Every structure is written in C-alpha cells, then in structure tokens.
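Examination of the molecular architecture
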Amino acid sequence: MRRGWKMALSGGLRCCRRVLSWVPVLVIVLVVLWSYYAYVFELCLVTVLSPAEKVIYLIFYHAIFVFFTWTYWKSIFTLPQQPNQKFHLSYTDKERYENEERPEVQKQMLVDMAKKLPVYTRTGSGAVRFCDRCHLIKPDRCHHCSVCAMCVLKMDHHCPWVNNCIGFSNYKFFLQFLAYSVLYCLYIATTVFSYFIKYWRGELPGVRSKFHVLFLLFVACMFFVSLVILFGYHCWLVSRNKTTLEAFCTPVFMSGPEKNGFNLGFVKNIQQVFGDNKKFWLIPIGSSPGDGHSFPMRSMNESQNPLLANEEPWEENEDDNRDYPEGSSSLAVETET
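Please read all numbers here as calculations on a predicted model, not as lab measurements.

About the criteria used
Residues numbered from 1 in each chain as written. Predicted model: local features only at pLDDT ≥ 70, side-chain atom pairs only at ≥ 80, totals over all residues. Heavy atoms only, no water. Salt bridge = Lys/Arg side-chain N within 4 Å of Asp/Glu carboxyl O. Buried < 20%, exposed > 50% of the residue type's maximum accessible area, 1.4 Å probe, protein only. Core = buried A, V, L, I, M, F, W, Y, C linked by side-chain atoms within 4.5 Å. Helix = DSSP H or I, 4+ residues; strand = E, 2+ residues; numbered from the N terminus. Contact = heavy atoms within 4.5 Å. 1 Å grid on protein atoms, 1.4 Å probe; cavity = no way out; pocket = protein on both sides within 12 Å on 5 of 7 lines; lining within 4 Å. Points joined across faces, edges and corners; volume = space filled by probe spheres on them. Polar contact = N/O pair within 3.5 Å; in protein donor to acceptor, adjacent residues only side chain to side chain. Patch = residues over 30% accessible without salt bridge, like charges linked within 9 Å, V, L, I, M, F, W, Y side chains within 5 Å. Areas by Shrake-Rupley, 256 points an atom, 1.4 Å probe, with all protein chains shown as cover. pLDDT = per-residue confidence, 0-100. Phe/Tyr/Trp six-rings, centres within 6.5 Å; stacked < 30°, edge-to-face > 60°.

1. Considering the pattern of salt bridges
Side-chain pairs of opposite charge can arise where the charged atoms are in close proximity. Following the criterion strictly, the structure yields 4 salt bridges and no others. R102 serves as the salt-bridge partner of E100, at 2.8 Å between the closest nitrogen and oxygen. Overall, R102 belongs to the partly exposed group, its relative accessible area being 47%. The partner of K115 in a salt bridge is D112, with the nearest N and O atoms 3.7 Å apart. Given the relative accessible area of 38%, D112 is considered partly exposed.

2. Quick word on the nonpolar core
Counting residues in each nonpolar core, the largest one holds 47 residues, and the members touching the most others are Y39, Y61, Y171, I188 and V192. Put simply, the parts of the chain that give this core at least two residues each are α2 (23-47), α3 (51-77), α6 (171-201), α7 (207-240) and α9 (266-274). With 16 residues, the single largest contributor to this core is α6. Sequence-distant contacts of V192, that is, excluding residues within four places in its chain, are made with Y39, L43, V213, L216 and L217. Counting 13 residues, the second-largest nonpolar core is a separate cluster that includes F87, V111, A114 and V128.

3. Observations concerning the layout of surface pockets
What the largest pocket holds in volume is close to 640 Å³. What lines the largest pocket is a set of 21 residues, among which S21, V147, C148, H158 and N163 lie closest to the centre. Of all elements in the fold, only α1 (2-20) and α3 reach the threshold of two or more residues within the lining of the largest pocket. In terms of residues, the lining of the largest pocket owes the most to one element, α1, which gives 4 residues.

4. As for the side chain of H212
In this structure, H212 sits in helix α7. Residue classification places H212 among the buried positions, given a relative accessible area of 10%. Within the structure, H212 has its side chain in polar contact with the side chain of W34 (distance 3.2 Å). Once you skip the residues sitting within four places of it in the chain, H212 turns out to touch W34, Y37, A38 and E42.

5. What to know about a nonpolar patch on the surface
On the surface, L26, V29, L30 and L33 cluster together into a nonpolar patch covering about 360 Å² of accessible area. For L33, the position within the fold is in helix α2.

6. Examining the confidence of the model for the protein
Overall, the prediction assigns the protein a mean pLDDT of 87, with 84% of residues at 70 or greater. Low pLDDT (under 50) marks residues 300-337, which in the prediction has 119 contacts with non-local residues, meaning those over four places away or in another chain.

7. Remarks on the environment of F41
Tracing the backbone shows F41 in helix α2. What makes F41 partly exposed here is its relative accessible area of 39%. Those residues within four positions of F41 in sequence are excluded, and the remaining contacts are Y36 and V46.

8. Side note on the packing of aromatic side chains
Two aromatic rings, taken as a pair, are described by how far apart their centres are and by the angle between their planes. Enumeration according to the criterion identifies 26 aromatic pairs in this entry. Both rings, one in F65 and one in Y184, keep their centres 6.1 Å apart while their planes meet at 45°; by these two values the pair is tilted. A residue pair is termed long-range when its members are at least 10 positions apart, and F65 in helix α3 and Y184 in helix α6 qualify at 119 residues. Relative accessible area serves as the criterion here: at 5%, Y184 is assigned to the buried category.

Quick look at the structure:
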C-alpha cells in the first residue's frame, strides 16, 4: 500500500514538474503577444499619423517577427538528438558490466567495447566516458542532461526559456533565435524612441497609447541588453567551436586536456554549426554537417583512438561523473552529467 502511494506521489511530482517547466515559455509568449499588440495597434495604427510611415514600420516589423517566432518555435519543438543504438550496451554486455564488481575490470570492458566506436575523448582519469543511467558509451561532446533525463549529442546547455535541451539538433535554431531576438528588440527600440520623446514632452495625446509606447521601449531595451550579451557569448563559442559545457570543462584527448581540440579555424568553425551552404545560414532549416556522433578535430594526432594509448592517467576530473546543478546564465541553465 505504501509503495503504491509513493509511486503515485512520485508520478504526481513529475507531472507537476512538466507543467511548471512550461511557465518560462508561457511568460515569453505573453510578453511577445503584448509587444505585438503594443507595436502594431497602439504605435502604428493609433500613434503614427503618416500612412507611409505606418506601412514601412509594419512591413519591416512583420518580416522580423516571422523569423523571430519561427526560430523560437524550432528551438522549443526540435527534439534533442540521442546517441544511436550502436553506442548502447547490448543486453549481454550490460549484464556482464553490472555483475562485475572489480572497477578495473569494468573499465577494461568499456575500453574493449569502445574500440569499435568513433570515440576519441575520455574522462579526466583516462577512462571511457560512460553513462550509467542510459547505459551507453558517450560519443564525443555528448553529455547526460539531468532535466531531460537523457544523453544529448553535442550538448550545449538546458535552456528553461525554450524548455528544451540545446544540442546538435537545435543549436543552430537557438543561435538564430538569439540573433532575431536581438534584432527584434533593437528594431522596436529604434522606431519607438522618437514617439517616446514626444509622449514624454506631452506633444501627443492618448493616455492608453502613451503607457504602451513607454513600456514597450523599456521592455525592448531591457531584453536587448541581456540578449546581446548572451548572443555575443555564443558567437564567441561558435568562433572557437566550443559548447558552453566545453568552455567550463576542457575536453580530454589522447595527449591530455585540450581546450582547442575541436577548433578548426574561424570559417570552418562556423560551418560546423550552419553548414557549407550560406543561403541556409539565416533560415531555420537543419544544415549542420554530420550526424552528431563524431566531429573533426584540430590535428591528425587527436583523430587516433586515445583509448588504445598507453599513457599515465591524468588527475581525476570530478565534473565527469556528477550532476551539474541548475545555474542560470542569463537565459540558459546548465544541467549536465
């Protein structure tokens, strides 16, 4: 009986957590809907008097708004990509691994299994990167998200503002969302500013429109500052071909930790996210090269399987086998193991 109550309580808590995880997304959606009403109706249709100015403002606004909402939608509903079946332990290997009590034997078992896989990174101690929750050998740049409860290919971070894990499948969309968000806020701020001054000086009537216009400028500037900082940080990460997790925890290769292990040069680094075809760079369509399981590395020496190397182990990196607590970074949250 008690066990049944515990299971019911646990299920209820998981359900509440899923519902509450959509609250940040709902907040953003409500703010965007209000900004649409305030800009289109209160500013363009009520406050702006020139018909030509109205048309120009509305055309450019809706062009930006379409790409802004499109990229936000793609960031939310593009599911994180998980490692394919060949990285999972077979039923027999899983039984052998779990029944083995000697850690050194378990470690060697993983080494033998990883020899057949394109795995070129390891933990700080030189061991194979293994997820004991998903029971799989982690591909390079793959990490376990404790919020999504899954291993995510090329995981960058878990973002509560899109209620999704940002990784290989949707990192391009997330960057585009940040870019169009910055452009959206900047466009609103620059076009509203002159009318903000007129309302401030009392040159225009209309108490209701005045409130919307003044508050619209304040909200646009506030979001612009936070978004441009976050977007600038991710632009720096892309230019170095790093993820947020790799910026905080240096990946380890055969020769040891190497913070620039995936750095291929500025242009190729950008192509690793947006693809080779430049006409798709601004459109939220999947164009990232590869399958997310393996990535080109800086040198040919690092492309050799480090699991076959006979080297002294490095100092243990505690970050490889622990859950990262949820810590906000402007609009992002890191939750990874």
